[in-house]
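# Per-entry structural report
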Amino acid sequence: VEGVETQITGENLTQEYLWATPNTMVEVDHIVAYLSQFFTLMPGDIITTGTPPGVGMGMKPQRFLKPGDTMRIGIDGLGEQFQTVRRDK
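Right, let's walk through the structure included here. (Residues numbered from 1 in each chain as written. Predicted model: local features only at pLDDT ≥ 70, side-chain atom pairs only at ≥ 80, totals over all residues. Heavy atoms only, no water.)

Residues V28, V32 and I47 make up a contiguous nonpolar surface patch of roughly 190 Å² in combined accessible area. By secondary structure assignment, the location of V32 is in helix α1 (residues 28-36). Relative accessible area serves as the criterion here: at 32%, V32 is assigned to the partly exposed category. (Patch = residues over 30% accessible without salt bridge, like charges linked within 9 Å, V, L, I, M, F, W, Y side chains within 5 Å. Areas by Shrake-Rupley, 256 points an atom, 1.4 Å probe, with all protein chains shown as cover. Salt bridge = Lys/Arg side-chain N within 4 Å of Asp/Glu carboxyl O. Helix = DSSP H or I, 4+ residues; strand = E, 2+ residues; numbered from the N terminus. Buried < 20%, exposed > 50% of the residue type's maximum accessible area, 1.4 Å probe, protein only.)

Scanning the entire structure with this criterion turns up four salt bridges. One salt bridge connects R72 with E5, and the closest N-O pair in it is separated by 2.0 Å. In this pair, R72 is assigned in strand β3 (residues 70-75) and E5 in strand β1 (residues 4-8), connecting sequence segments 67 residues apart. According to the relative accessible area criterion, E5 is buried, its value standing at 16%. When the shortest N-O distance is used, the salt bridge between D69 and K66 registers 3.2 Å. Linked by salt bridges that have partners in common, E5, R72 and E80 make up one network.

Here we come to the sheet that holds β3. Taken together, four strands build an open sheet; the order of strands is β2-β1-β3-β4 and the sheet is antiparallel. In the strand order of this sheet, the two ends are held by β2 (11-12) and β4 (79-84), each with one partner. In terms of strand pairing, β3 meets β4 through six bridges, oriented antiparallel. Pairing of R72 across the sheet is with F82, part of β4. (Pairing = 2+ DSSP bridges.)

By the secondary structure assignment, I47 is in the loop between α1 and β3. When its relative accessible area of 33% is taken as the criterion, I47 is described as partly exposed. Remark: the alpha-carbon pair of I47 and I31, spanning 16 residues in sequence, is separated by 8.6 Å. In this structure, I47 is in contact with I31, V32, L35 and L41, ignoring residues within four places of it in sequence. (Contact = heavy atoms within 4.5 Å.)

Without other data, these values stay purely geometric and don't point to any function.
Pasting the structure below:
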């Protein structure tokens, strides 16, 4: 993994270092400062902030996750996580 990497069913969808681009609506230091008012952040905590342009609705043609798709997300120095999409019962 280099920086942040996202794969959907083996296809690399990583575009760039998301937190260092003009796509970021709120700077990371502001997010951390705001959240720190309410609870203590610990090493390894992950803050999910939403999605940048280029997600399923913004693709042409539009593309969405479907049952059976696999997701792999990795971050340098932190590790990887894997999920498989399934239909809600």
